[in-house]
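# Residue-level structure breakdown
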Amino acid sequence: MNLTFVVFLIPIFPLLGFLILGMGFRSIPKKVTSILGPGTVLLSFIFSLFTFFNVHNFAGSPTQTLFTWIHTGSLQIPFAFLIDPLSVLMLLIVTGVGFLIHVYSVGYMKEDPGYGRFFAYMNLFVFFMLLLVLGANYPIMFIGWEGVGLCSYLLIGFWFKNHDYNNAAKKAFIMNRIGDLGFLLGMFLIFNTFSSLSFDQVFQQAKAMPMGDPTIIAITLLLFIGAVGKSAQIPLYTWLPDAMAGPTPVSALIHAATMVTAGVYMIARSNILYVLAPTTMSVIGITGLATALFAASIAIFQNDIKKVLAYSTISQLGYMFVGLSVGAFTGAMFHLTTHAFFKALLFLGAGSVIHALGGEQDIRNMGGLRSKLPKTYWTFLIATIAIAGIPPLSGFFSKDEILLHLFEHSSLLWIIAVVGSLMTAFYMFRLLYLTFFRSFRGTDEQMHHLHESPRVMTTPLIILAILAAFGGLLNLPEIFNGGNSLSGFLAPVFADSAVLVTPETPMSLSTELLLMGITLIVVLGMVFLAYFRFVKNEPELLPDGAKRPSLVQLMINKYYIDELYDYIISKPILWLSKVFHEVVEIRFIDRLVNGVGNMVVWTGNTVRFIQTGNVGFYMFIMILGIILILFLNILI
Amino acid sequence: MDIPTNIPIQYYLVFCSVLFSIGVIGVLIKRNALVILMSIELMINSINLLLAAFSAYNNDPAGQIFVFFIMVVAAAEVAIGLAIVVLIYRTTHSIDINVLNKLKW
Amino acid sequence: MLTVILILFPLALSLILISVRQERAIRQLALAGSVAEFVLAVAAFITYKTSCHCNLLVTADWLSTLGVSLKFGMDGISLMMVMLTTFLVPVIILASFNHSYSKPAAFYSLILLMEMALVGVFVAFDGLVFYIFWELALIPAWFICAVWGGNDRIRITFKFFIYTFVGSLFMLVALLYVYFKTPLPHSFDFQWLYAARLTPSEQSWIFLAFFVAFAIKIPVFPFHTWQPDTYTAAPAAGSMLLAGIMLKMGLYGMIRWLIPVCHNTMQQFAPVVLVLAVTGIVYASIIAIRQQDMKRLVAYSSIAHVGLIAAGIFVLNPYAMQGAVIQMVSHGVNIVGLFIVIDLIEQRTGTRNISDLGGIALKAPRLAIVFLIILLGSIALPLTNGFIGEFLLLLGLFKYSMIFAAIAGLTIIFSAVYMLRMYQRTMLGKINEITALTTDLSWREMAALIPLVIMILWIGLFPMLFLNLTADDVIQVLNYCR
């Protein structure tokens, strides 16, 4: 089969699915939708696998062009796809995890009246996400970039009767757009500098640029603003917790596994530009680290099962950015991959719990679900261990790779990051304990209806659990006799930047083991601390308004960041809008315009009294005029 | 044609100017619409006379052609003017122009 | 020949329409005629494409002693505008079928008369003829707004008429001045006007006079205050004609007149105009955020969007200029779509106030989908028409100045804010008693909206057909400034 053809088929299937489901979402029977929705993504996955096995065939000509999208002057934007190990890795994650989540949705959304619409949106999302990862130049990536933002908007506000959800959706879209403006300006600057927007040409030329070139720094910073918006980093992270208003599969697919990692992918893709801009790298590192800690600290006190996971996602994304900032591109991509597995699993598990409890999301009203939802419990446990970073599950390896790189960079940063990861362990096990341990704290009615989810939902959970458990094998470090296979796979993509990164003194095996040991010990300590804190003593769980120490109060209220934004951005803009409209527009500009008109009217009103109606007077004036003209004629 | 060169052109000029001025003064000071029309006629005719005189003096028939034009136009003007005056008299029972100040502002 | 037929055909049709009595017949005739006109425009497009740059030129003597001739022709930019006009008029006519206007014969014949004048503006190659059509377009526009408009229409349309008319007079004065500076024998022919010898200070004055005329028509901040009132008071078809096509006359005029005639002063005035345009973008966007009346909201959004186009024309580089031309088309398509949707909502619920509405998507999913697509076009989402234009415009602006581009770029954030707010308050949320009886789109309404949706996606996906059409002409226009 023609390889180019295959590549273009990958995004076509979800698009077709979207078109069919979108045109006839009310007339297509549910059964057909249940096959069509996940089916198109499965087809994409199969073709992605095919591409994966043939990726070496693309090494010679990685860019596949379909047609010229925009061409004017020297601006040439072909509608082209780039097939290299990095994009293929993302393809597999998007279509693979995407497929599992689609299957899960068949069960989860079964009773929803918007069933067809849901799958239409999900398919559209997969299409745009595929464009994002496949694009061979920045504008094509930007199509996907904005497109996934649109789908995120549509899916967060999926239950659009509720205006709180709609507001959450709007907030997500607008915050993403702020980032998108940065991305857009970044693109313009790239075009200004390199006269091209294609990855291959830009990177080719960038290689010749000096380290720390101010233009490159500006480009990378602008692109990073885009990443901050899309990947929910400080200061544009507040949309992600609100985005939990959408159906849970949406949170799993868009707000955990794929879309929010687009920023990481973009920076990994532009790795050459970033290694040339050490200033930007520091900014990314600081942002990522701050976000990781900040979000983790908020997660500790959240009581909404999905909100905890949302803050955890923000925090984990922070780790990926930290990894990128020290040049550990493979590490970041590795963590992105394992995170896609275990975070999707966590969200789907949470969805299963919510499903069982009839929509309950507050973990204070859960508990003791271990025996009632065994499959959910076991898979959730695996994911929790994975994200906490306990070996031998996947999260340990991926997070450790980032931590080790960080240690080589600076031991202080390493300590901060470890503090973050022990917070992660603490809040994740708190979530696990409160949900599945102790006794059930919900209503009797919920108690009666407790049930394990149907097989169509648990099967994806089990598959993801296997992936989350063994995903670490993808890039097993050498000390565990691993082959660093992911590093090897991705090496061609990062080859050029690897040369530019200052060579690190290889760490001795003992140091590496020591660091791992320290991390492991503190993490396990946190697991037990959480156990004693939330299970052993069966403490009273405080309701929302309870009096707490002020620092805790601050964290419960998410540091009042939403309120702060409301005061420093939303309110002033609305005020400005009022002032512009009522003062500048009506009182000033329009009054000026009307004033000119009024002046003409006034002049006319005054001068008209010369028309006395007296014929004699008219004739007198006329003759006077004639005489005057004659005189002037003589004078001049 | 016999050219009346025995009367110098200055005489015509002075005579016509006086005639014209009488017309102007009549228009300005009279209040009767009919008299004003007559004064206008006087002004027109003074011009006609001057045109005819210059035409004869310069041996150029164009001036006399103009005179005929003006006479035709004047006749038409008087016809309409008188008709208006008659109508005004019928409605207001006066042809005093100071009464006719309804059309103002 | 085609060019002349394009002008005369709507004129003849509008004359025939006046004599028709039956409303049904009037509508059908108007629609059929305007569709035929669009077919003619497509024919012109094909002729233009196939027989390389013949310009479809038609010349006839008129006032030859004054150097005025009936010279009509089309280059790519004209053709683009003619296509836009003839494409939108049938849509506007079809969208008006829902209303039973009093005196339908006059209404539809005025629309066609307006079409004639607009086509005339875009194809005139002679200055005086251009001016005549320019003013001619104002007359039907005024009648449509003043006779079939809403509350307070007389005062508002009077302001609109006088305001734009005053602007046009400035243009007339400038035009005459340039005419007397053309090489002997004077001529109003475009090429002669372009060749006029003007000193720098003369050019500055000419520039200001032309600029005022165009800036009022577009409208550019701060000459915009007639616009929101007029769009609000005008009947649906009137708003569409004004916003969709008529304001493009101003932008077209800038490309056709300002750049070639005032080529030396363009660069000098560009910063001033850019400041105005960019201020207008931010200013109008911010005002739009709080508007309650949907038409007024769209009116302010339009000021922001065309502000960007005007800015793009003044940076004088091919990217922005191409973006400006394609964005003129996109803006026309999008805003007509928005006005149609608003009109449909108003007919169904009796209000345009967004805080009274809600939940329409539940009752009218097709309407909601179409509205969403048009809205996405208008907020410049990639793969819709708005993106192509705004991308090129901002890119061109960026080449001129990064600061301007960054500030003008705020439009992509603000447009999302106010458009999504409008969408959320009208389409989403719970149904209330006002929206409870909303019905979905009928086939006729679909027929009006679907062409717009197709255009939005077509330009977004395959813009090359349109970009190629104007590529050479844009360069030619810009060459006057070299």
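In short, a report on the structure. Every value quoted in this text rests on a predicted model; they were computed, and no experiment measured them.

Residues and elements named next belong to chain A. The end-to-end C-alpha distance of helix 8 (residues 214–230) is 24 Å, a good match for the 24 Å that 17 residues give at a rise of 1.5 Å each. Within helix 8, 12 of the 17 residues are buried, which leaves it mostly tucked inside the rest of the structure. Where helix 8 is concerned, the buried positions are Ile216, Ile219, Thr220, Leu222, Leu223, Phe224, Ile225, Gly226, Ala227, Val228, Gly229 and Lys230. Buried residues along helix 8 sit against helix 5 (138–156), helix 6 (163–194), helix 7 (199–206), helix 11 (262–269), helix 12 (271–275) and helix 13 (278–299). Positive backbone phi, at 55 degrees, marks Ala232, one or two positions downstream of helix 8.

Helix packing geometry: the angle between the two helix axes and the distance between the axes. Residues and elements named next belong to chain A. Axis separation between helix 18 (residues 394–409) and helix 23 (residues 509–536) bottoms out at 11 Å; the angle between their running directions is 120 degrees. It follows that helix 18 is oblique to helix 23 by the angle criterion. Between helix 18 and helix 23 lies a crossing whose hand is right-handed. Residues Asp400, Leu403, Leu404 and Phe407 of helix 18 pack against Glu512, Leu515, Met516 and Thr519 of helix 23.

When the 2 pairs of chains in contact are compared, the highest contact count belongs to chains A and C. A gap remains between chain B and chain C, with no contact made and the closest C-alpha atoms lying 23 Å from each other.

Residues and elements named next belong to chain A. The element strand 2 (residues 75–82) is extensively covered by neighbouring structure, given that 6 of its 8 residues are classed as buried. Of the strand pairs in this sheet, strand 1 (residues 63–72) and strand 2 are connected by 8 bridges, and their pairing is antiparallel. In the strand pairing of strand 2, Phe67 is matched with Phe79. Following strand 1, the chain reverses through 2 residues before pairing antiparallel with strand 2; Gly73 in that reversal takes a positive phi of roughly 55 degrees.

Turning to the packing of helix 6 of chain A against helix 8 of chain A, a few remarks are in order. All names here are of chain A. Running from N to C, helix 6 and helix 8 cross one another at 155 degrees; their axes reach a closest spacing of 7 Å. If you check the angle between helix 6 and helix 8, you find them roughly antiparallel. The chirality of how helix 6 crosses helix 8 is left-handed. Touching Met175, Asn176, Ile178, Gly179, Asp180, Gly182, Phe183, Leu185, Gly186, Leu189, Ile190 and Thr193 of helix 6 are Thr215, Ala218, Ile219, Leu222, Leu223, Ile225, Gly226, Val228, Gly229 and Lys230, all from helix 8. Across the contact of helix 6 with helix 8, the residue classes tally to 12 nonpolar, 8 polar and 2 charged.

Another point: the interface of chain C and chain A. On the chain A side, the residues contacting the 39 residues of chain C number 40 residues. Mapped by element, the contributors of at least two residues to the side of chain C that touches chain A are helix 11 (263–290), helix 13 (318–349), helix 16 (385–400), helix 17 (402–427) and helix 19 (464–479) of chain C. It is helix 17 of chain C that contributes the most residues to the side of chain C that touches chain A, 9 residues altogether. In terms of residue class, the side of chain C that touches chain A is made up of 30 nonpolar, 6 polar and 3 charged.

As for its placement among the helices and strands, Ser330 of chain C is situated in helix 13. The residues touching Ser330 of chain C, leaving out its near neighbours within four places in the chain, are Gly377, Asn385, Gly386, Gly389 and Ile459 of chain C.

Conventions adopted
- Residues numbered from 1 in each chain as written.
- Chains lettered and ligands numbered in written order.
- Predicted model: local features only at pLDDT ≥ 70, side-chain atom pairs only at ≥ 80, totals over all residues.
- Helix = DSSP H or I, 4+ residues; strand = E, 2+ residues; numbered from the N terminus.
- Expected span 1.5 Å × (residues − 1).
- Buried ≥ 20, exposed ≤ 12 C-beta atoms within 10 Å, placed from the backbone.
- Contact = placed C-beta atoms within 7 Å.
- Axes fitted to C-alpha atoms, helices over the stretch in contact; angles between N-to-C directions.
- Parallel < 35°, antiparallel > 145°, perpendicular 65-115°, else oblique.
- Left-handed = near helix turned anticlockwise from the far one by under 90°.
- Pairing = 2+ DSSP bridges.
- Nonpolar A, V, L, I, M, F, W, Y, C, P; charged D, E, K, R; others polar.

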